[in-house]
Amino acid sequence: MSDPVKALLGGVRVAPSILSADFGRLREQVGEVLDAGARVIHVDVMDGHFVPPITVGPIVVAALRERTQAAGAMLDVHLMIERPERHVEEFVRAGADSVTFHAEATPHVSYTAGLLRERGVGVGVAINPATPVGALAEVAGAIDMALCMTVNPGWGGQPFIDHSPEKIARVGAIVGAAVAVQVDGGIDPTTAPLCRAAGASVFVAGSAIFGAEDPGEAYRAIARAVDAA
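Just so you know, these numbers come straight off a predicted model, no measurement behind them. (Residues numbered from 1 in each chain as written. Predicted model: local features only at pLDDT ≥ 70, side-chain atom pairs only at ≥ 80, totals over all residues. Heavy atoms only, no water.)

A. Broad picture of the pairing of strand 8 (residues 202-205). Of the two faces of strand 8, the one lined by V202 and V204 and the one lined by F203 and A205 are each fully buried. Summarising the sheet, strand 1 (residues 13-16) and strand 8 pair through four bridges and their orientation is parallel. Looking at strand 8, one finds that R13 is bridged to V202. Note: strand 7 (residues 180-184) against strand 8, three bridges, orientation parallel. (Buried < 20%, exposed > 50% of the residue type's maximum accessible area, 1.4 Å probe, protein only. Helix = DSSP H or I, 4+ residues; strand = E, 2+ residues; numbered from the N terminus. Pairing = 2+ DSSP bridges.)

What follows is the structure, encoded as structure tokens:
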């Protein structure tokens, strides 16, 4: 993982998720949140198998790369796909700075993490709401970020699962202080501070940002709520 990406993941960050953006105005809307201060752009990739919806692929990552680089930002790719080890290299070539895949989606979690580490990008492993935090224990020393889903993956706009902060704290205890804890699902100015108090430091927000009339101000409202950089 490069030093700039390490620095970005080492702080408190709000990561706007383009899943909820207007894809007819994608570069424009990403530009709005970058201008507002966002330095982590979250790209949700879904394959229609691991989760029912189908979203985007490496082409969209490549299309955003120049704009995010110019802003000193990173592309954080979240793979909600089966057998991610078959696809991670393509996303790295497209410009992903960090790639997170699901522990439930492959029998080869350690191998997949190793592929990403060899290619010099950030390594993340995600777990679903019903997945025990112990799924992260054996790879904690090989990852840079642990993603604790705070909704069931697959659809934007779902309500935050109320007992998530307790699980977030257990994730942090397992992976240790050197690993960033990311949350994704139902994150807004009310729920983000609850997750921050439990130990999360990277907050993915989609509809709360891109569903707002002013995405830049919506980003800033969540950033203020968690004192994000």
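B. Main features of the sheet that holds strand 6 (residues 145-149). Ordered in space as 1-8-7-6-5-4-3-2, the eight strands form an open sheet in which the pairing is parallel. Two strands close off the open sheet at either side, each with one partner strand: strand 1 and strand 2 (40-46). The sheet shows a mean angle of 25° between the axes of neighbouring strands, direction not considered. With four bridges joining them, strand 3 (residues 74-80) and strand 4 (residues 98-102) adopt parallel strand pairing. Paired with H78 across the bridge in strand 4 is T100. The sheet contacts of helix 3 (residues 58-70) involve strand 2 and strand 3, and relative to strand 3 the element is tilted by about 155°. (Axes fitted to C-alpha atoms, helices over the stretch in contact; angles between N-to-C directions. Contact = heavy atoms within 4.5 Å.)

C. Spatial organisation of the packing of helix 7 (residues 191-198) against helix 9 (residues 215-226). It is at 8 Å that the axes of helix 7 and helix 9 come closest, and there the two elements cross at 35°. Here helix 7 runs over helix 9; the crossing is right-handed. Counting all contacts with helix 7, which are made through A192, P193 and R196, the residues of helix 9 involved are I222, A225 and V226. Residues belonging to the contact of helix 7 with helix 9 are distributed by class as follows: five nonpolar, no polar and one charged. (Left-handed = near helix turned anticlockwise from the far one by under 90°. Nonpolar A, V, L, I, M, F, W, Y, C, P; charged D, E, K, R; others polar.)

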